[in-house]
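# Descriptive structure summary
Okay, here's what each chain looks like letter by letter:
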Amino acid sequence: MAYTCLSTALPTAGISLLFLTFVTFLCHVNCVTFSDPDNAYSQYLPNWTPDGRQGASFRFKSVRSDALLLLHHFNNRSSGEAVYNFWIELKGAKLQATHVFETFVETVTIGSSLDNDQWHSVDYSKDSAGSLTLRLNGKEQEIKLKSHKYGLAREKLSALTYTDSVVTLGGLAPSSSEMAPREFSRLLGCMEKIKFLSQNGVLQDIPVDSTVGTTDGCNNKCFTENHCQQGQCINQYYRTVCDCFDTGYEGQYCQQKGNMELTFHGQNYIQYQFNKLGQTVSRDKFRINLQFKVGEEHQAGVLFYATGSVPVETYLAVYMDNGRITVKMHTGSGDPMVTTSDTALNDDSWHKIFIRLDGRFLLVVIDDQSNSNQISGDMHQLHLDPDVYIGGGPALKGKPGLPVTYNYIGCLKEAYVDYDNLIGGVKMNSSMITFNGGTPIFECVELGHTPLTFPNKRSQLILNEWTTGELNLKFTFRTSFPDGILVHALISIDDTPDGFLNVHMVNGSLELQVDLGTNGGTNRQKAVNVGTSLHNTAWHDVHLAIRSGNILLTVDGRMVGIPHKHSMVSRSAIYLGSDVSGANTGFEGCMRQIHIQGNTLSPLKVINSDMANGVTIDGCQIALNPCASGELECENGGACTHETNGTKCTCNAKEYTGSRCQFPLFKKSCADYYRAGDRESGPKRIDVDGSGPVPAAHVMCDFSTGRLKTTIEHNFKAKTLLRSYGGPHLDFKLQYRDMTPELLAAFVKHSSGNCRQLFSYWCYESPIRLGKFTRVYGPTDNEISEYPDRFKTQCNGNRQTWQQDIGYMTRNLPITRMRVLNKKQTEFTRATLTLGPLECFESAAASKPNTVTFFTPESYLTLTPLKKSLSFIFRASAVGNVVFHQMRGDKIPNSILGYIAEENLFTFETNLNGKTDEVSVATTRSMIDGEWHTITIDINEPDILFIVDNDSEILSVPIGQSIGPFRGRLRLGGTPEVPAGKEGLMGCISAVTKDSVDIFLYDFYNEFKQDAIQPGCKSKCAKNPCKNGAQCVDKWTSYECVCAHPAQKGKNCEIDNTKDMVSFSEPTVHLEYTPSSTEFLTSNLHLSFRTYQSDALIFYANDHLHNFVQLELMDSAVLIFKYNSGRQIVEVMVDSRDVSTDDSESNSTDTMAMLLNDGAWVDVSIERDAEITVLKVNGEMMQEAGEPVNLLTQYHDDPFNGAEETVMPPRVFVSSDKVDNYTLALIGGAPDLMTSLPGLQGCIRGFMIGDEHLPLKPLATRKMQGVSTQCTDNCAQGACQNNGECTELWSSFRCNCTSTSYSGRLCSKDVGANFQSASLLVYPFTLYEDESDKSTEMDSLTFGFSTETDSGVLAYIRSDDEQQDMDKSIVVKLMDGNVEASVDFGNGPTTISIEGPFNDGYRHVVAFKRFGNRILFDVDNQDGNFTTLTDASPVQFTRRAALVAGGVEYNVTRFGLDGAGGFQGCIAGLDYNGIKPLELLFGAYAPSDSIGVSKAQCAMLKMDESESSDGDNGDGDMTSGKPAGSGSSHSRSSQSGISSEWNVKPAEGVEYVEPKKQKTKIDPEIIKYSIIAACALVILLLLVLIIRMACKLKQNDKEEEAATMEEMTPLRRKDLEQIDAAPTRNRTLAEGVPVSNSNSYTPVPREDPQPLPSQPPSQPPPSPQPQQQQPPQPQQVQSEPQVVATGQFTVEASPELKDEPPIPMIDDDVDDDEITEATPLTSNEDIPPPVPTSAPPHLTPPQPKKDIPSEDAPNGHEKDVPSESVPSESAPSESAPNGHKPLVKNDSILSESETAV
């Protein structure tokens, strides 16, 4: 049964209240409120199939104009299967349904103003034939899906393998985020009558699968959270707001009497965000109210303006013109509706404007004047941009419906748009309301005259009123600068056009200067001065007049003049503020009250006319020093400098740019770096908010896979101790590097929620209980209350063994706070946590729903005009492609055109404020390579930043000029106005963001009407036709393959000659090839080689006349190509060390990376023509020789005139006519008789002669020793284990295990030993064995160790005891977690320390090497530095006596060992000068003494836990079978390293006191309604009692009647019974028969358990024998209850239930403090500790012990306890439910049933 969703408001009538409450309760079953704007959703799982019928029905009400109502998709889609999505959303207050199947995207739009918080009914259905029907409030719209039209849809749908149908309502569920094509706003409102179409076509209810952020019923928060003291409460479902309109009150709760006033100076305006999402909204209902006051001197200005252009141009304008108010509205059809006030209202009094639009009814009230309009035609809605302006706006000129474009000057109060108080919003800094143009003044002040500001020395005002005759110019000015031109005009003197007139500031004085031109004779220029210190920022009056042969200048009443006798005529306009040229010599300051020729200039008219150039209205906010006053604020750490030539910001050139350093040079994400061409993984800085206030953050970008991974580190250390016995509750707050919680949430949302964090929880009797004992919170304080589905959940079993919960958290990330309650403690409770960094993933490919392909140059997309920013990525393949065009408007010609000018040049043509500029960005990447490229335009006045990939340019406009507005349409992919020589884009565009809003491109085209535009990037390269790693260049109608190697051939590079290779394992072997011609000597050559040699001959070829070519490698980095040009030997040499990589930060040059013998393939190209020979190496290094190719044509005995030849073939001294013709090529070397150069040990592949391939493998088919047809990289397969260094031998490999502490051929042999604090290993040397000078000058000591103790001696070598004054020693020890080496050869110790911590339980490798007085000391291959011994003249270590490891010999206090302690841990791979004592100790012969040393396998080398996958254990410790440590101070963070150091304090748990449960405070309203409900209930009970009494009376009447009938005659009684026959009634039970309550149970009494013995038994007690089950006894109906004693408890057992089994009554999930104790238990000290069921596997001692955790155990997890210390009964029983342990009381074990009692 379905019920209408009713409000939970309680009426005031009792019985009505009961009925309404009952119905409301029933409606909650299928009625829900969505009240969480960030997380709300409800998920359903209808039984729909891809090719079956689908449909749903529901009603909704909402206050949001943009929100998701319903989304349907299928889970478990396999790769390559068709994409399907269907959703219904509110979009601009309209209902829009979108159906996506493969590349078909089809939409249906219906309705308007659906955000009015009224109920609307929605139905939709779709059948398998492709008919989609959408109904809204009974109105229906049906379309035939084009995706089904072609007959392929049904076949493809039926073939789909995914069948998990998912529907989310109100918002995206986490599982739906990856399937959804884009983000959606969540619904704020209610849904009811939710039904889904079954396969048989019936609408039915189905249960909700999951829901978050919702409540049952349609809840009006105004009934429970009405804080409004006046006015009306407005329910917004997640909060309430107060509408104070027309109450005389204001404030958040309408608590303040009066209405706040706001003053507008002409430069101010309010920007109100009508739509938070920045999208167009359609409205046909709203209310606007304004009260204003304007002085008589101000006659014009804009009070309110809203407009939009999609789908048609509409507007609402309120403005003053000539003192009268006009309200003009246009809905897109017919004529605008205009209401104008009857009289002028600029009388300095308050007036009121009220506007209400309700459907087609428009009411306008101006004071007492009222005008009603009925909107006719098809269009009655306003389609408005998200921003509405009050008091003016940015660049109003040219906007539709505005004949007046001046900002408002006056006062406003009680300004409302619907219930939003705009002035109150300015006061409270509302995020939706912005006050522009200075600091708001919240009172109505006298404005006086409006000044014009000249912000820079190029600003000017052009006046054309004076041409000839007298001049009369008056104005008032103020400035802080001592110099600058105020008035300038060009004049003709006596018809000679060569004079000028100036009034300018000179050192604070005003100077009148006249140049009379050639007619002035020798006295051509004249000047007079007046006034001093006029730059004191005070207002000064100026009057300039020309009359009666005098030029007069009056300043503050003081007059000076210059007489003249000439005819003076103006030949230009009068310029105020600068001269005609606009040079940088003008006036900076303000002018007001400008009068010329008797006319007064209106500042508002001037500022929006062609007369003003860079002049502004800003209230004359000038200062003495713009830097000091804050007039010029440099952003992002820029330095402001004020100089005579201007004020500027100096930016950090590596991070920010722009006039105010307002533009960051960092990308917004790792994906932006990748798409801009930066493909190198590693640390980078990203700026998530772009030009916003938050600085750039350090992240790690990983581009090594198809997905782009971003890693953000935090300060929560690995293996942090969360729980321990007696430990407090803890509260952790995490800090992420350079990120605020808000930015983190935005970053995760930008990644489409595709983020994760590793969560590794190790536990020992310490359940985690997420949402109860452990509360984990995300960045918006949203709680993570459950594990993901793929999590391993072991710890909640609370077992006595080490267990691990591990997996990736994926919801509500990142984790920013954790609250840990230390409950369920035992003596052995212990838990640690490792939390991985935040990892977010994006696809390297563009997202298909936001990508389009343009197949013809005539196609383009049309978007709304650009405002502040635009960014997108594109792919192109031709020069001249127009990528975008922000077109000019009808009245405003501002425009920007972007196109590919050249392969490496992108050009932006701009037309701003009538000035045309061309900004070209030179790019490092080719723009036509078919790869993705980025375009970014960022407008932040006074600059526009143009970015193409990683290159940028800035265009600046004069201060005071605005950039924009842009009124024309924005075209993507082309333009209808293609410039000559250009054409539209043939390629792809994706990831469009305009004005900080992501654009869903499917909303801007119809692929069925625009066949040339298709969704996705459908390139010819999509199927990767190019083979063998070749690059596919898309031509969109064709493609081109660029082979990865010159040896690859074919259209698709399918012929791969690089697979033809040979390898040479010996330097004495080579191949011979006999060409058929001399082309080898003259053609282009190409090959690749690889080697580890420093010198090698790679090939040599010659002919019978001694012409030759030769290629050799020399000195590891030099490649030399030699050839003969006639009888001259020519060399072309490339030295790779000349091509270095500069590190500008470290000022170092990396030359090692450029060596040619590092085993990598080296590509060599030799390009030859008649005049030049070019040698190229790896495509980057190149050298050339200008000697031509000139072969010898005659034989010479000495062909090269004695020049040195490194390869010399045998020569026969005969005449040339007797020499046999031949050409011979030697590859890989030459015979020893011909050269001293070694042959190549390495590989050669892909040998090309011109365009022909030289087959190498056939040349090696003979069984040649040392030549192979394979080039196997033996070291690439990880042949050497445990970080062993592999050396390639081409036919084999060799491992160097020196720095690993392992040994063996593969570095896999591990010989280690456990040392306790008293253990010791001594290896005595044979008396002064090998005392040669060489052996005593060198020492090599290497070993590995692992421990968790702070200090101890690891190893030392000492001299003998005979000469104590000549002690010599080398000592290596652990000191406070650091490793220290001390060397003393008789002149005092030299100590070297390496900072750890190295006592973290992992294996660390120590290497100590001495060469004379030079020492290299290193730990873990950290590239330790050499140390020189001080005063180290005796460099021989003679009289070596012993090598000692793991401790200190008895009574040895010398050698710096006094007070040193032994080592506790493991030592492995001990090697001193080739002696390996541990191998000898555990071998057949052991020439060493040992005390307490046992063979063991040490821990593994440290691994990064964050690299663990879902399937592995995740902890680095687990490689050695060891669970996570205690999280001591020596633990290292598990974060991936960032290049720059992050010095941050690790997150520490703050003790948290759990608040006591308090009684919930009951709302007085609820108390009142509860009393009413109780009264109603009493009334209802009285009614029931009255009815029962009436029934009783009637029953008595019937009984009397029956008695009377007994006295009647049988015939009469029979007649009456037939007439009054009644239904059969239930009979009551006979009196005296008891009724048994079958639902009551009483526990069965048990015997008291026997107390535990005081000493544990030597043998475990026998298992109790099961009791024999007694047959059930016959139940006695009547018997007395029995009283049974059970220990100290007394219960009554019902006799009929005494043989029933007991029922446990305690749930293990209940907190200890929630159990009601029948009798007090003893303290924990009286309870014997339980024994773990199994010991952790990493510390199994040789003695039979059991491991339980302890604080003082060596590894922070365990301590050894004899197994006899606890009786076996204390271990949990295998049969106990949920692993419950018995509770102990008074040395007795109680069963769970007893405990329950």
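Within each chain, residue numbers correspond to sequence positions counted from 1 in written order. Since the coordinates come from a predicted model, pLDDT governs what is reported: local features require at least 70, and pairs of side-chain atoms require 80 or more to be given and counted, while whole-chain, interface and lining totals use all residues. As a convention, hydrogens and water are excluded, and side-chain values are obtained from all of the structure's heavy atoms.

## Points about the sheet that holds strand 11 (residues 164-169)
In this analysis, strands are considered paired if DSSP registers two or more bridges between them. Helix numbers and strand numbers start at the N terminus; a helix is a DSSP run of H or I with at least 4 residues, a strand a run of E with at least 2. Taken in spatial order, the seven strands line up as 7-6-5-4-11-2-14 in an open sheet, and their pairing is antiparallel. Strands with a single pairing partner mark the edges of an open sheet, and in this sheet they are strand 7 (104-110) and strand 14 (208-212). On average, each strand axis in the sheet is inclined to that of its neighbour by 15°, with strand direction left out of account. Pairing analysis gives five bridges linking strand 4 (residues 67-75) to strand 5 (residues 84-91), with the strands arranged antiparallel. To get an axis, a line is fitted to the C-alpha atoms, and for a helix only the part in contact is used. The angle between two axes follows their N-to-C directions and goes from 0 to 180 degrees.

## Re unusual backbone geometry
Along the chain, Glu941 connects to Pro942 via a cis peptide bond; the corresponding omega equals 15°. Considering the arrangement of structural elements, one finds Pro942 in the loop between strand 74 (933-940) and strand 75 (943-948). The backbone of Asn1028 sits at a positive phi, close to 55°, despite the residue not being glycine. In this structure, Asn1282 takes a positive phi of about 55° despite not being glycine. As for its position among the elements, Asn1282 is in the loop between strand 101 (1267-1268) and strand 102 (1285-1288).

## A short note on the state of the cysteines
When two cysteine sulfur atoms are found within 2.5 Å, that pair is recorded as a disulfide. One pass over the full model with this rule turns up 19 disulfides. Between the sulfur of Cys222 and that of Cys233 lies a disulfide, 2.1 Å long from S to S. The S-S bond linking Cys222 to Cys233 shows a torsion near -90°; that makes this disulfide left-handed. Placement of the pair is Cys222 in the loop between strand 15 (214-216) and strand 16 (232-235) and Cys233 in strand 16, with a sequence separation of eleven residues. Across this residue pair, the class does not change: Cys222 and Cys233 are buried. One disulfide bridge connects Cys634 with Cys649, the sulfur atoms lying 1.9 Å from each other. Measuring the twist about the S-S bond at about -85°, one finds the Cys634-Cys649 disulfide to be left-handed. Partly exposed describes any residue whose relative accessible area lies between the buried limit of under 20% and the exposed limit of over 50%, with all areas from a 1.4 Å probe on protein chains only and scaled to the type maximum.

## Things to note about the pattern of salt bridges
A pairing counts as a salt bridge when a side-chain nitrogen of Lys or Arg comes within 4 Å of a carboxyl oxygen of Asp or Glu. For the structure on display, the rule yields 34 salt bridges. Close ionic contact of Glu192 with Arg59 constitutes a salt bridge, the shortest N to O distance being 2.4 Å. Taken together, the residues Glu192 in strand 12 (residues 189-197) and Arg59 in strand 3 (residues 54-62) connect sequence positions 133 residues apart. We classify Arg59 as partly exposed; its relative accessible area is 23%. Here Glu839 and Lys709 are joined by a salt bridge, their closest N and O atoms 3.7 Å apart. Of this pair, Glu839 sits in strand 66 (residues 838-843) while Lys709 sits in strand 57 (residues 707-712), and the two are 130 residues apart along the sequence.

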